[in-house]
Amino acid sequence: MISNRKTKVAIGVAAAAVAALSVSGCSGGSGGDAESGDTLKVWWWENDDSALSTAWNRAIEIFEEQHPDVKVEFELKTYEQMQQSGQLLLDSDETPDVLEYLKGNATAGLVSQAGLLTDLTDVADERGWDLSSSVQDVGLYENGLMGSGQRYGVTNYGEYVPVWYNKDLFDQHGLAVPTSLSELETVMQTFVDNGVTPLALGSADYPGVHLLYELALQNMDEADWAAYQQFDGDVNWDAWETAAETVAEWTAKGYINSDSTGIPAQDAGNAFVAGDYPLFFSGTWWAGSFVDDITSFEFDQFVFPGTDFVPGSGGNLWVVPEKADNKELAYDFIEITMSEEVQNLLGEEGQVPVAADLDAIESPVGQIVLGEFAKLQETTEGGLAWYPDWPVPGLNDVLIQNNTELVQGTKTPQQAVESIRTAYDQGRADAGQ
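Since we're looking at a predicted model, the values are computed, not measured. (Residues numbered from 1 in each chain as written. Predicted model: local features only at pLDDT ≥ 70, side-chain atom pairs only at ≥ 80, totals over all residues. Heavy atoms only, no water.)

## Details of the overall build of the chain
Selection rule: Think of it this way: any DSSP run of H or I at least four residues long counts as a helix, any run of E at least two long counts as a strand, and we number them from the N terminus. Throughout, the radius of gyration refers to the C-alpha atoms, and the reference size of a globule is 2.2 Å times the residue count to the power 0.38. Categorising residues by exposure relies on relative accessible area from a 1.4 Å probe, with only protein chains included: less than 20% of the type maximum marks a residue as buried, more than 50% marks it as exposed, and the intermediate range marks it as partly exposed. In this description, contact between two residues means that some pair of their heavy atoms is separated by no more than 4.5 Å. Each accessible area is a Shrake-Rupley estimate made with a 1.4 Å probe; only the visible protein chains count as cover when residues are assessed. Only four residue types enter the charge count: Lys and Arg as positive, Asp and Glu as negative, with His and the chain ends excluded. The location of each charge is read from NZ of Lys, CZ of Arg, CG of Asp or CD of Glu.
Check the secondary structure of the chain and you find 17 helices and 16 strands. A compact globule built from 433 residues would reach a C-alpha radius of gyration of about 22 Å, and the chain, at 22 Å, matches this within 12%. Counting across all 433 residues of the chain, residues that qualify as buried make up 55%. Here the contacts in the chain between residues at least 6 apart in sequence split such that 77% fall between residues at least 24 apart. Entry remark: accessible area of the chain is about 17,000 Å², with carbon and sulfur atoms responsible for 44%. In the chain, the 18 positive side-chain charges and the 71 negative ones have mean positions that sit 3 Å from each other.

## Notes on helix H10 (residues 237-253)
Given 3.6 residues per turn, any residue in an α-helix points the same way as the ones three and four places further on. Note the cut-off: In a helix, the anticipated span is given by 1.5 Å times the number of residues less one. In the analysis that follows, any N or O atom pair within 3.5 Å is treated as a polar contact, provided that within protein one partner can donate a hydrogen and the other can accept it, and provided that, for residues neighboring in sequence, both atoms belong to side chains.
In this model H10 runs 24 Å from its N-terminal to its C-terminal C-alpha over 17 residues, within 8% of the 24 Å that 1.5 Å per residue would give. If you check which residues of H10 are buried, you get Trp237, Ala239, Trp240, Ala243, Ala244, Thr246, Val247, Trp250 and Thr251. For H10, the secondary structure elements touched by its buried residues are helix H7 (181-193), helix H8 (206-217), helix H9 (222-230), helix H16 (395-408) and helix H17 (413-430). Sitting at the head of H10, Asn236 places a side-chain oxygen 3.2 Å from the backbone nitrogen of Asp238. Downstream of H10 by one or two residues, Gly254 has phi in the positive range, about 90°.

## A closer look at the sheet that holds strand E2 (residues 71-76)
The line we're drawing: Pairing between strands is defined by DSSP: at least two bridges between them are needed. Helix axes are fitted to C-alpha atoms over the stretch in contact, other axes to C-alpha atoms as well, and angles between N-to-C directions run from 0 to 180 degrees.
Overall, mixed pairing links the four strands, which are arranged E2-E1-E3-E14 in an open sheet. Strand pairing shows two members of the sheet lacking a second neighbour, E2 and strand E14 (317-319), which therefore form its edges. Here the average twist between neighbouring strands, direction ignored, is 20°. Sheet topology note: the strand E3 (residues 98-101)/E14 ladder contains three bridges and is antiparallel. Paired with Tyr101 across the bridge in E14 is Leu317. Against the sheet, helix H3 (residues 79-90) engages strand E1 (39-44) and E3, with an angle of about 150° to E3.

## Topic: unusual backbone geometry
Within the chain, Phe231 stands out as a residue other than glycine whose phi angle is a positive 60°. Relative to the helices and strands, Phe231 resides in the loop between H9 and H10. With a phi angle near 60°, Trp386 is a residue other than glycine that sits in the positive phi range. Along the chain, Trp386 falls in the loop between strand E16 (383-384) and H16.

## Observations regarding the packing of aromatic side chains
Threshold: Within 6.5 Å between ring centres, the rings of Phe, Tyr and Trp (the latter by its six-membered ring) count as paired, and their orientation is classed by plane angle as stacked under 30 degrees, edge-to-face over 60, tilted in between. Two conditions define a charge sitting above a ring: the NZ of Lys or the CZ of Arg must be within 6 Å of the ring centre, and it must be within 35 degrees of the ring normal.
All told, the structure shown has 34 aromatic pairs when counted by the stated rule. Here the aromatic rings of Phe281 and Phe304 are separated by 5.3 Å at their centres, their planes lie at 65°, and the arrangement is edge-to-face. Linking Phe281 in strand E10 (residues 279-281) with Phe304 in the loop between strand E11 (299-302) and strand E12 (309-310), this pair joins segments that are 23 residues apart in sequence. Taken together through their ring pairs, the aromatic side chains of Trp164, Phe272, Phe280, Trp286, Phe290, Phe297 and Phe299 make up a single cluster. Here the basic side chain of Lys77 rests over the ring of Trp43, its NZ or CZ set 4.3 Å away from the ring centre.

## A closer look at helix H11 (residues 265-273)
Taken together, the buried positions of H11 are occupied by Ala265, Ala268, Gly269, Ala271, Phe272 and Val273. Turning to H11, the residues buried within the fold contact strand E8 (163-166), strand E9 (199-200), H8, E10, helix H12 (287-293) and E11. Following H11 by one or two positions, Gly275 adopts a phi angle in the positive range, close to 85°.

## Examining the environment of Val177
Summarising the element assignment, Val177 is placed in the loop between helix H6 (167-172) and H7. Val177 sits in the partly exposed class, given a relative accessible area of 34%. Taking the C-alpha atoms as reference points, Val177 and Phe302, 125 residues apart in sequence, are found 7.4 Å from one another. Excluding residues within four positions of it along the chain, Val177 makes contact with Tyr165, Phe170, Glu183 and Phe302.

## Some points on the side chain of Glu214
The condition is simple: Each reported salt bridge corresponds to a side-chain nitrogen of Lys or Arg within 4 Å of a carboxyl oxygen of Asp or Glu.
Here Glu214 is to be found in helix H8. The buried charged residue Glu214 lacks any salt bridge, with Lys103 as its nearest oppositely charged partner at 15 Å. Among residues more than four places away in sequence, those in contact with Glu214 are Phe281, Phe304, Thr307, Phe309, Val310 and Pro311.

## A look at the pattern of salt bridges
Applying the stated criterion to the full structure yields 15 salt bridges. Measuring nitrogen to oxygen at the nearest pair gives 2.8 Å for the salt bridge that ties Glu341 to Arg58. Here Glu341, found in helix H14 (residues 340-348), pairs with Arg58, found in helix H2 (residues 51-66); they are 283 residues apart in sequence, far enough to count as distant. A single burial state applies to Glu341 and to Arg58, both of which are buried. Several salt bridges share partner residues, and in doing so they unite Arg58, Glu61, Glu65 and Glu341 into one network.

## What about a negative patch on the surface?
Definition in use: The patches described consist of residues with a relative accessible area above 30% and no salt bridge, like charges being joined within 9 Å and nonpolar side chains (Val, Leu, Ile, Met, Phe, Trp, Tyr) within 5 Å.
A cluster of acidic side chains, namely Asp119, Asp122, Asp125 and Glu126, defines a negative patch on the protein surface. With respect to the helices, strands and loops of the structure, Glu126 is situated in helix H5 (residues 121-127). We classify Glu126 as exposed; its relative accessible area is 66%.

## As for the nonpolar core
We apply this condition: By nonpolar core we mean a set of buried residues, namely Ala, Val, Leu, Ile, Met, Phe, Trp, Tyr and Cys, connected to one another through side-chain atoms within 4.5 Å.
Counting 69 residues, the largest nonpolar core has Leu211, Tyr228, Trp240, Trp250 and Leu279 as the members making the most contacts within it. Those residues in contact with Trp240 that sit more than four places away from it in its chain are Leu212, Tyr213, Ala216, Met220, Tyr228, Pro388, Leu399 and Val417. Leu40, Val42, Val98 and Ile334 belong to the second-largest nonpolar core, a separate cluster that totals 33 residues.

## Details of the pairing of strand E7 (residues 157-160)
Along E7, one buried face is formed by Tyr157 and Glu159 and the opposite face, lined by Gly158 and Tyr160, is buried too. Relative to strand E15 (residues 352-353), E7 runs antiparallel, the two sharing two bridges. Within E15, the residue paired with Tyr157 across the bridge is Pro353. In terms of strand pairing, E7 meets strand E13 (residues 312-314) through three bridges, oriented antiparallel. Bridged to Tyr160 within E13 is Gly312.

Everything listed here is a matter of coordinates, which is why it stays silent on function.
Structure representation (C-alpha cells):
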C-alpha cells in the first residue's frame, strides 16, 4: 500500500563524486580538463516536479562540481516538440550536446539511420559503462530497427503502465484487486451501479492508446508481439479488432466516459488525484507526483489482469547529436546520470532506476515500482511489451485519432482498426519491411 507521505534520503555530495567514478573507472572524463569558456548544452522535456527532473537537476549540480570551468546551458523542451520536430532540431546548427530523446523505430531509429546521432558503442566500452541489462536494448539500432546493433542512446530509468487505484474507494465498496479481465469488468460495473465512472481516461492522449494496446495484448502471444513490434511475420489484427470492440463496449456500459475524448493525459491524472475516479491506467512516471499530490486517500497499483504483457520498456534515451560541439562533456553528463547517487535519488522519488542500490531505496512507492519492474524483466513469458506507436513514424497520431473516434462512436471498431492498419502497413513498407 502506498501512503501519501514521501520518505527522503539525504545523500551526501561527497558520495556523488565517488559514485560517478564507479560507473566509468575514470576521474570525470576529458571534460574535467575543459578550458574556461566551454559550454555543455542540455535539453530535456520533463516537468519540474517530476522525479526525472529532480534527479537530472542533481546530475547538473554534480557535473558543475566536477567541471567548474564549464557553463551548463539547459533548455526545457516539450514532448510534442521532440515527437514532431526532433529530426529537424538534430539536423540544425542549434542542436545541444546531450538531450533526452524518444526511443523506438519511428524516432531514435529514424534519426540514427539518418546519421544524426553519435554512435556510442565504443564510448560505452572505453568508459566501462555497464549496459548489459535488457532494459538498455532501447538504445540499440540496426538499420533503424530497435533492439540490436550499434548503441545510439543510454537510458537511466525504466517504466511500465500499471492500473493505479483508489484503495479507499475499493474498500468502501468491498472490492478486491482483480486478477482477470472479467473480474476487472465486475469491479467497474460495481462502480457504475453506484453512480461512479470507474476509469479516468485521457482518450485524447496516450492513456487511451495504451489501453487499446493492452486490450490487444490480451489476445497476442510472443509471435504476434514480434510481428507487430519487430516486423517479424504477419500482425494479428484480429487481436486489435477485439480490443477496439472492448473499448466501444466499455464506453457504452459507462466504464469509460465518452466525454474523455477531449481530455489529455494530465487532466485525467489530475482527476484521479482529486478522487473523482477509482481507476487510472497510466505509467509509473506518475508515481512521484502521486505521492506528493494525493492527500485525501490511499492509492496503490496492480498490473493489468488477463495477460502477461505490460506496456513498458527502458525509458527515454540520452543521446549525443552527431553535430554536438562538446561530445566528451556530454559523455561525462550521461555517466553522472548513471551514478549511484542519481540512480538512488530516482528511486526515492518514485521513478524506476536501472542501476540503483535497491537496498538503499526507502520510499514505499519506490520499492513497489522497482519490485514490479524487476518481475516484468525476469518473466520468461510476456513482460515489457514496448509501446504501440513505436514501429513506424506518424503512428502515434493515427492511434490517438482513431481511438478518439472509437470512443466518440463516430467509427466502428472495424473502421478504427482498418485505419490503424493502413498507416502501419504503409510505414512498414516505407521501412522496407
